[in-house]
Amino acid sequence: MTATGPCTTPGTVDVVALGESMVTFLPTRPGRLADVPSFDRSIGGAESNVACMLAAAGHSARWVSRVGDDGFGDHLVETIGAYGVDVTAVRRDPARPTGVYFRTAGDRATDAHEVAYYRAGSAASAMSPATVDLPAARAGRVLHLSGITAALSADCLGLLRELTAPRPGRPLISFDVNHRSRLWRDGEGAAVLLELARAADVVFVGEDEAEEAWGVTGGPEAVRALLPEPGLLVVKEGARGATLFGANRAPKEGARGAMLFGANRAPSPGTFVPALTVDVVATTGAGDAFAAGFLSATLRGLPQRRRLRHGHLWAAAALTVPGDLATPPARDHADRLAALDGTAWGTLRLGPGWTAATEGADEEERTP
């Protein structure tokens, strides 16, 4: 499932995700990178993670990117395609390699965690309006992007500016801020991320990211004050939960407005939904899973509170597995859990294997 040129039949899909994916090397045992003797190969990429989980949940999804004309590029395209993601718009670069990175086995939140990126000059860093299949990128109900892509190169930033610019027929733009301070060397990252977030329709940002990038304190309301433009703004508050802000303006009629706002046809204040109690295996990929769950519910036009709950449930799927990618919960199972009353939601506890639960297992997942 590889492609060397433009996608000739883009077709409309639910979600297009554009961004770099890399081959990931995970240590076979804990310890410093200097001491680990061997690694297992996996894949990692914020945008492709979203596409893979959505495809696994039954949505049509496309990944748009560039990879090297090498074995690692083969591995990325074949692995992502195996999830059911359309990879026909992935272009090959004969002159630049596929990016790779190594990380230690520890939790990313600890000081002992190490990551070694080898992505400078990668094929994906050469993405631009001239080297990406723009019709294929725009042929989704939703186009999902992240701030990571903007940091890769001036050409990548130019591509994101092109895709987020107002134009007739523009897909719904979903933007995960994904602030990575180490990727920004020129000090312009904060301003660029703010510019792109203000141009998007749906924005995901962590409360901690907003403080680090923009110096915003004062909670989700302060973040909304900085970002009044997006139709939907999700402020993630870590283990506490997430707050969703609806429209600051009257939504447009039609499919686009319905997908953005569902039954909420008027501006709405912040809606807070607490996170679930989860027996965490690893935190890697949880943010991408949250975005995928929220977008899945958005594509279905679910009420805004249910969208946050689906985000939390999909994040719980990622938190209870060791790798970047998790199998999302079955739709009917997730819908039942998302429909619980506040008390039942607050006592729900999820552990490894919970996504394989059958219809009769919901009661077993509730603990005092």
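Computed from a predicted structure; not experimentally measured.

Criteria and thresholds
Residue indices begin from 1 for each chain and proceed along its sequence in written order. Where totals are concerned, whole chains, interfaces and linings use all residues; where local detail is concerned, this predicted model gives features only for residues with pLDDT of at least 70, and gives and counts side-chain atom pairs only at 80 or more. The basis for every side-chain value is the complete set of heavy atoms in the structure, and neither hydrogens nor water enter the calculation. Secondary structure elements follow DSSP: runs of H or I of four or more residues count as helices, runs of E of two or more count as strands, with numbering from the N terminus. When a residue's accessible area, from a 1.4 Å probe over protein chains only, is under 20% of the maximum for its type it is buried; when over 50% it is exposed; and in between it is partly exposed. Note on contacts: a residue pair is in contact if any heavy atoms of the two residues lie within 4.5 Å. A pairing counts as a salt bridge when a side-chain nitrogen of Lys or Arg comes within 4 Å of a carboxyl oxygen of Asp or Glu. To form a nonpolar core, buried Ala, Val, Leu, Ile, Met, Phe, Trp, Tyr and Cys residues must be joined to one another through side-chain atoms within 4.5 Å. Every helix has an expected span of 1.5 Å times one less than the residues it contains. We treat two strands as partners when DSSP finds at least two bridges between them. Axis geometry follows a simple rule: fit a line to the C-alpha atoms, using only the stretch in contact for helices, then measure angles between N-to-C directions, giving values from 0 to 180 degrees. Whether two aromatic rings pair depends on their centres lying within 6.5 Å, for rings of Phe, Tyr and Trp, where Trp uses its six-membered ring; planes under 30 degrees apart make the pair stacked, over 60 edge-to-face, and the rest tilted. Both a distance and an angle decide whether a charge sits over a ring: NZ of Lys or CZ of Arg must be within 6 Å of the ring centre and within 35 degrees of the ring normal. Per residue, pLDDT captures the predictor's confidence, and it can take any value from 0 to 100. In what follows, roughly perpendicular refers to angles from 65 to 115 degrees, roughly parallel to angles under 35, roughly antiparallel to angles over 145, and oblique to any angle outside these ranges. Handedness of each helix crossing follows the sense of rotation of the near helix against the far helix: counterclockwise by less than a right angle gives left-handed, clockwise gives right-handed. Each direction from the helix axis to a C-beta atom contributes to the arc, which is the arc of those directions.

**Concerning the overall build of the chain**
And then number 1: Within the chain one finds 13 helices and 16 strands.
And then number 2: Burial status across the chain gives 57% buried among its 368 residues.
And then number 3: A separation threshold of at least 6 residues defines the contact pool for the chain, and within that pool the share at least 24 residues apart is 72%.

**Here we look at the pattern of salt bridges**
And then number 1: Enumeration according to the criterion identifies 16 salt bridges in this entry.
And then number 2: R240 is paired through a salt bridge with E237; the nearest N and O atoms lie 2.3 Å apart.
And then number 3: Residue E237 is classed as buried on the basis of its relative accessible area, which comes to 10%.

**Concerning the nonpolar core**
Taken as a class, soluble globular proteins show a tendency for nonpolar side chains to be buried jointly.
And then number 1: One finds F294 and L313 to be the most contacted residues of the largest nonpolar core, which totals 59 residues.
And then number 2: Core analysis: the next-biggest nonpolar cluster, separate from the first, contains 42 residues, L194, A200, V203 and L227 among them.

**Observations concerning helix 10 (residues 286–299)**
And then number 1: In this model helix 10 runs 20 Å from its N-terminal to its C-terminal C-alpha over 14 residues, within 8% of the 20 Å that 1.5 Å per residue would give.
And then number 2: Helix 10 sits mainly inside the fold: 13 of its 14 residues count as buried.
And then number 3: G301, located one to two residues past helix 10, shows a positive phi value of around 70°.

**Observations regarding the sheet that holds strand 8 (residues 115–118)**
And then number 1: Sheet architecture is open: four strands sit in the order 3-2-7-8, paired in mixed fashion. Of all strands in the sheet, those bounded by a partner on one side alone are strand 3 (39–44) and strand 8. Recorded for the sheet is a direction-independent mean angle of 20° between the axes of neighbouring strands.
And then number 2: Here strand 7 (residues 100–103) runs beside strand 8; their pairing, made up of four bridges, is antiparallel. Paired with R103 across the two strands is V115, which belongs to strand 8.
And then number 3: Sheet strands in contact with helix 2 (residues 71–82) are strand 2 (22–27), strand 3 and strand 7, and its direction is about 60° off that of strand 3.

**Describing the environment of G121**
And then number 1: Within the secondary structure layout, G121 lies in the loop between strand 8 and helix 3 (134–138).
And then number 2: Sequence separation of G121 and R96 is 25 residues, and the distance between their C-alpha atoms is 6.6 Å.
And then number 3: Those residues in contact with G121 that sit more than four places away from it in its chain are R96 and P97.

**Looking at the environment of T217**
And then number 1: Mapped onto the elements, T217 comes out in the loop between helix 7 (207–214) and helix 8 (220–226).
And then number 2: Linking T217 and E207, residues ten residues apart in sequence, is a C-alpha distance of 8.2 Å.

**Concerning the packing of aromatic side chains**
The relative placement of two aromatic rings is captured by the distance of their centres and the angle of their planes.
And then number 1: Under the definition given, this model contains seven aromatic pairs.
And then number 2: On the numbers, 5.8 Å between centres and 70° between planes, the contact of F25 with F72 is edge-to-face. Here the residue F25 occupies a position in strand 2, and F72 occupies one in helix 2, the gap between them amounting to 47 residues.
And then number 3: The partly exposed category is assigned to F72, whose relative accessible area is 32%.
And then number 4: Connected via pairs of aromatic rings, a cluster forms that spans F25, F39, F72, F102 and Y118.
And then number 5: For the cation-ring pair, R240 lies above F272, with the distance from its terminal atom to the ring centre recorded as 4.3 Å.

**Some points on unusual backbone geometry**
And then number 1: The phi torsion at N178 lies on the positive side, around 45°, for a residue other than glycine.
And then number 2: With respect to the helices, strands and loops of the structure, N178 is situated in the loop between strand 10 (172–176) and helix 6 (189–199).
And then number 3: Residue classification places N178 among the buried positions, given a relative accessible area of 8%.

**Description of the confidence of the model for the chain**
And then number 1: Scored by pLDDT, the chain comes out at a mean of 88, with 86% of its residues at no less than 70.
And then number 2: Confidence drops under pLDDT 50 across residues 1–9; counting only partners more than four residues distant or on other chains, this segment forms 21 contacts.
And then number 3: With pLDDT under 50 throughout, residues 359–368 is counted as low confidence; its partners more than four residues away or in other chains account for 17 contacts.

**Looking at the packing of helix 11 (residues 304–319) against helix 12 (residues 331–338)**
And then number 1: Look at helix 11 against helix 12: their axes get within 9 Å of each other, and the N-to-C directions meet at 120°. Overall, the two elements helix 11 and helix 12 adopt an arrangement that is oblique. Seen from above, helix 11 lies across helix 12 with right-handed handedness. Facing helix 11, whose interface residues are R306, R309, H310 and L313, helix 12 presents A334, D335, L337 and A338.

**Quick notes on helix 12**
And then number 1: Those residues of helix 12 that fall on the buried side of the exposure criterion are H333, A334, L337 and A338. Along helix 12, the residues classed as buried sweep out an arc of 130° about the axis, all on the same side.
And then number 2: Along its buried surface, helix 12 packs onto helix 11 and helix 13 (342–347).

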